[in-house]
Amino acid sequence: MLSVVRVHLPSEIPIVGCEITPYVLLRRPDGAVSTDDVPETAPTDGQFMRYRWYRIQSDRKVPICSVHPMEQATIQCLGCLKSKIPVAKSYHCSAKCFSDAWQHHKVLHERASSALNENGAEEDELFGRFGSGGSGVLSTAGSGSLSNFGQSPSNGPVPLYPSGTDKNSGETWFEVGRSRTYTPLADDIGHALKFECVAVDAEKRSPMGPPTSIMTSRVIPAPTPTPRRLIQVNGDVLGHLDLDSQTSSLGTFTVLSYNILADAYATSDAYSYCPTWALSWTYRRQNLLREIIGYHADIICLQEVQFNHFEDYFAPELDKHGYQALYKRRTTEVYSGNPMAIDGCATFFRRDKFSHVKKYEVEFNKAAQSLTDAIIPAAQKRVALSRLIKDNIALIAVLEAKFGNQGAENPGKRQLLCVANTHINVHQDLKDVKLWEVHTLLKGLEKIAVSADIPMLVCGDFNSTPGSSPHGLLAVGKVDQLHPDLAIDPLGILRPPSKLNHQLPLVSAYSSFARMVGVGYDLEHQRRRMDPATNEPLFTNCTRDFTGTVDYIFYTADSLTVESLLELLDEESLRKDTALPSPEWSSDHIALLAEFRCKPRMRR
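Calculation notes
Residues numbered from 1 in each chain as written. Predicted model: local features only at pLDDT ≥ 70, side-chain atom pairs only at ≥ 80, totals over all residues. Heavy atoms only, no water. UniProt positions renumbered as here; feature names shortened; annotations may be inferred. Helix = DSSP H or I, 4+ residues; strand = E, 2+ residues; numbered from the N terminus. Buried < 20%, exposed > 50% of the residue type's maximum accessible area, 1.4 Å probe, protein only. Contact = heavy atoms within 4.5 Å. 1 Å grid on protein atoms, 1.4 Å probe; cavity = no way out; pocket = protein on both sides within 12 Å on 5 of 7 lines; lining within 4 Å. Points joined across faces, edges and corners; volume = space filled by probe spheres on them. Nonpolar A, V, L, I, M, F, W, Y, C, P; charged D, E, K, R; others polar. Axes fitted to C-alpha atoms, helices over the stretch in contact; angles between N-to-C directions. Parallel < 35°, antiparallel > 145°, perpendicular 65-115°, else oblique. Core = buried A, V, L, I, M, F, W, Y, C linked by side-chain atoms within 4.5 Å. Pairing = 2+ DSSP bridges. Salt bridge = Lys/Arg side-chain N within 4 Å of Asp/Glu carboxyl O. Phe/Tyr/Trp six-rings, centres within 6.5 Å; stacked < 30°, edge-to-face > 60°. Lys NZ or Arg CZ within 6 Å of the ring centre and 35° of its normal.

Naming follows an unreviewed UniProt entry, where the protein appears as poly(A)-specific ribonuclease of Urochloa decumbens. What UniProt records for the protein under Cofactor (unreviewed entry) is the sentence "Mg(2+)". Under the UniProt heading Subunit (unreviewed entry), the entry covering the protein gives this text: "Component of the CCR4-NOT complex, at least composed of CRR4 and CAF1 proteins."

Participant: Tell me about the overall build of the protein, residues and numbers included.
Facilitator: When its secondary structure is counted, the protein shows 14 helices and 29 strands. In the protein, which comprises 604 residues, the share counted as buried stands at 56%. Nonlocal contacts in the protein, meaning residues at least 24 apart in sequence, comprise 72% of its contacts between residues at least 6 apart.

Participant: Now, about the environment of K434: what can you tell me, with residues and values included?
Facilitator: Topologically, K434 is positioned in helix α10 (residues 431-451). Overall, the relative accessible area of 3% leaves K434 in the buried class. Taking the C-alpha atoms as reference points, K434 and S464, separated by 30 residues in sequence, lie 7.8 Å from one another. Once you skip the residues sitting within four places of it in the chain, K434 turns out to touch I424, N425, V426, H427, Q428, N463, S464 and P470.

Participant: Give a description of the layout of surface pockets that names residues and reports values.
Facilitator: In this structure, the second largest pocket occupies an estimated 610 Å³ of space. Residue lining of the second largest pocket: 28 residues in total, with E304, H423, V426, N463 and D588 positioned closest to the centre.

Participant: Help me get a handle on empty space enclosed by the protein, residues and values and all.
Facilitator: Tallying each qualifying case throughout the model produces three cavities of 30 Å³ or more. Roughly 80 Å³ of internal volume is contained in the largest cavity. Taken together, ten residues make up the lining of the largest cavity; nearest its centre are S66, V67, H104, L108 and T224. Of the residues belonging to the lining of the largest cavity, the class tally is three nonpolar, five polar and two charged.

Participant: Explain the packing of helix α8 (residues 364-375) against α10 residue by residue, including any values.
Facilitator: Their axes nearest at 11 Å, the elements α8 and α10 cross at an angle of 100°. When the interaxial angle is binned, α8 and α10 end up roughly perpendicular. Together, F364, A367, A368 and L371 of α8 and W436, E437, T440 and L441 of α10 make up the contact between the two elements. Among the residues making up the contact of α8 with α10, the classes are represented as six nonpolar, one polar and one charged.

Participant: Break down the nonpolar core for me, with residues and values.
Facilitator: With 69 residues, the main nonpolar core has F253, I299, L457 and F596 as its most contacted residues. In this structure L457 touches F253, V255, L417, C418, V419, A420, I553, F554, Y555, L560 and F596, once residues within four positions along its chain are discounted.

Participant: Can you break down the sheet that holds strand β3 (residues 33-34) residue by residue, with the values?
Facilitator: Strand order in this open sheet of three strands is β1-β2-β3, and the pairing throughout is antiparallel. Each edge of the open sheet carries a strand with a single partner, namely β1 (3-8) and β3. As judged from the five bridges shared by β1 and strand β2 (residues 23-27), these two strands associate in the antiparallel manner. Pairing of R6 across the sheet is with L25, part of β2.

Participant: Which residues make up the sheet that holds strand β18 (residues 354-363), and what values go with them?
Facilitator: What the six strands build is an open sheet, ordered β18-β19-β20-β21-β27-β22; its pairing is mixed. Unpaired on one side and paired on the other, β18 and β22 (506-508) mark the two borders of the sheet. Adjacent strand axes in the sheet meet at a mean angle of 20° when their direction is disregarded. Pairing between strand β21 (residues 456-461) and strand β27 (residues 551-556): five bridges, direction antiparallel. Each bridged residue has a counterpart across the sheet, and for D461 the counterpart in β27 is D551. Together, β18, β19 (393-401) and β20 (416-423) form the strand contacts of α8, whose direction differs from that of β18 by roughly 45°. Contacts from helix α11 (residues 469-476) reach β21, β22 and β27, with the element oriented near 25° to β27.

Participant: Give me the pattern of salt bridges: which residues, what numbers.
Facilitator: Taken as a whole, this structure holds 23 salt bridges when the rule is applied. A salt bridge links R529 to D570; the shortest N-O distance between them is 3.0 Å. Highlighted residues: R529 in the loop between α13 (521-527) and β23 (530-531) and D570 in the loop between β28 (560-566) and α14 (571-574), separated in sequence by 41 residues. Taking the relative accessible area as the measure of exposure, R529 reaches 8% and is therefore buried. For D570, a relative accessible area of 15% gives the class buried.

Participant: Explain the packing of aromatic side chains to me, and be specific about the residues and the numbers.
Facilitator: Inspection of the entire model under this criterion finds 22 aromatic pairs. Measuring from centroid to centroid gives 5.8 Å for Y54 and W173, while their planes differ by 45°, and the two rings are tilted. Pair noted here: Y54 is in strand β4 (residues 47-57) and W173 is in strand β8 (residues 171-177), with a separation of 119 residues, a long-range link. For W173, a relative accessible area of 28% corresponds to the partly exposed category. Counting every residue linked through ring pairs, the aromatic cluster contains F253, F354, F403, Y555 and F596. Taking the ring centre of F174 as reference, the NZ or CZ of R55 above it sits at 5.9 Å. When the ring centre of F307 is taken as reference, the NZ or CZ atom of R329 above it lies at 4.3 Å.

Participant: Break down α11 for me, citing the residues and quoting the values.
Facilitator: Most of α11 is tucked away: six of the eight residues are buried. Here α11 has its buried residues at S469, P470, H471, G472, L473 and L474. Trailing α11 by a residue or two, G477 shows a phi angle of about 95°, which is positive.

Participant: Give a description of unusual backbone geometry that names residues and reports values.
Facilitator: A cis geometry characterises the amide bond from R495 onward to P496, with omega recorded as -5°. Here the amide bond leading from L580 into P581 is cis, since omega sits at 0°, within 30 degrees of zero. Examined against the element boundaries, P581 turns out to sit in the loop between α14 and β29 (592-598). The backbone phi angle of D45 is positive, close to 50°, even though this residue is not glycine. Note that D45 resides in the loop between β3 and β4. Within the chain, R205 stands out as a residue other than glycine whose phi angle is a positive 60°.

The structure is reproduced here in structure tokens:
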């Protein structure tokens with residue numbers, strides 16, 4: 001007989017918009033134990049599994065704090081109601097909570113007022129981009145669609161009447177789903193959910209015993225991250241560009257670089273300070289996609305994208321928003337786990353702004369093999385390869401712009417762009433390997449530059465802080481021969497140090513904040529988030545164990561100029577205790593975004 005052995009939830013805290021798929025262990029008629037489903041469409045020995053989801057709704061609605069979703073709200077912002085901001089964002093658990101969140105909260109009021117004045121009915125869509133689970137994120141209609149992010153909860157057909165009422169407790173059970181998976185809706189906020197499963201006789205259509213059930217805690221809205229804006233850095237006046245309405249002007253384009261933290265690395269052991277529900281991939285993938293889509297970047301460079309998540313989620317979801325995808329998975333000499341969970345670099349570009357010309361794949365393992373064949377004695381080759389082979393890669397895309405900015409001087413001239421996306425070796429005790437990988441990438445880009453007069457972008461997680469030899473090579477074009485990193489070179493791969501150079505005129509995009517001359521609150525606010533000694537952000541990676549800058553967007557300054565940059569986060573913006581990932585931000589890195597303009601070409 002088909003029966004349920006055990007049921008448990010991946011996380012007992014349900015979040016609006018994040019699907020819940022309970023773990024159901026079944027004993028099949030032949031005695032085998034399995035987690036494979038037995039649906040009505042494919043019964044086994046005349047039996048199948050039936051699932052039901054219920055919302056347990058008491059007479060009294062329990063509002064949830066918009067800042068601390070685990071806390072019950074005690075005060076409400078009346079300004080939100082007047083501004084028609086989704087009601088879930090108006091709740092706070094205490095006066096201190098409201099006061100601490102005010103700098104962020106007042107932005108919602110400003111944006112609501114602006115959206116209402118300029119866009120009228122588009123207000124809900126605007127807040128849907130970074131919403132917290134109120135009506136701006138999810139339709140409260142029957143389907144509860146998530147059309148903004150390409151998701152549609154499939155909770156199955158449900159009745160429009162209560163399933164039962166407990167007169168003693170005043171609780172009413174509403175049936176809300178008839179499939180194994182359920183995606184909480186905005187109407188569920190503040191209410192517990194109940195999952196039931198039972199084996200059913202396919203012929204008699206009757207349950208084969210009492211159902212097995214499990215309860216969740218109250219449904220919470222997805223936390224709201226602090227809005228980030230583009231800040232103009234090229235021009236006489238420093239100004240803000242609203243990401244929700246910003247579209248690149250003629251001849252300009254935006255580039256996003258973001259290490260999204262692969263699910264395989266997002267463990268409770270590594271990030272014990274982050275709630276388990278906020279570490280779950282079903283939650284993080286929605287939060288990451290919402291954030292990425294909200295930046296409206298023309299080119300997106302992501303690192304730590306698992307192969308299965310690229311294939312099953314990011315590629316199809318971003319395709320719906322007009323992006324074409326390129327991907328390069330890390331090589332597998334070192335990795336021995338699930339091949340589907342291997343991460344890599346993914347580059348997306350808007351089809352209406354760019355077309356794909358050519359793709360180059362850099363495998364540092366292959367370069368290591370060639371290097372050891374050339375300079376390492378045969379007896380030492382095995383030791384050398386074990387040090388050099390780390391499975392890191394780079395993905396290089398040559399794109400052609402569909403916008404023109406060359407004017408009459410170059411009629412019909414193609415505007416090409418080369419975009420490198422990489423993730424460099426993480427091990428801090430292998431400084432020679434980091435430098436060698438960066439040098440190998442830059443030499444490859446030099447060859448492309450020689451073959452074509454083409455602007456270049458070099459984006460990624462370089463796992464190298466400002467002042468390190470890899471950063472110096474990128475930013476200055478050479479490595480100081482007295483740099484302490486060069487003392488670590490057991491294989492002799494960095495000798496002579498004079499070879500560690502390149503001819504690409506690369507500049508770090510975010511150094512524009514430090515180079516700007518001028519005064520003003522916004523400029524000073526960004527400068528306080530920069531390291532004056534290195535002209536780089538104070539951090540792009542922020543965990544309990546490490547806070548520093550390892551992510552960069554470099555560009556060739558002879559062919560591109562920076563127009564604006566995505567404002568940096570600070571400790572106040574991160575709230576909590578400044579450690580990432582968090583419920584608001586779903587990676588341990590922060591996204592970098594820059595707007596560029598192509599410089600007119602000089603006739604030769």
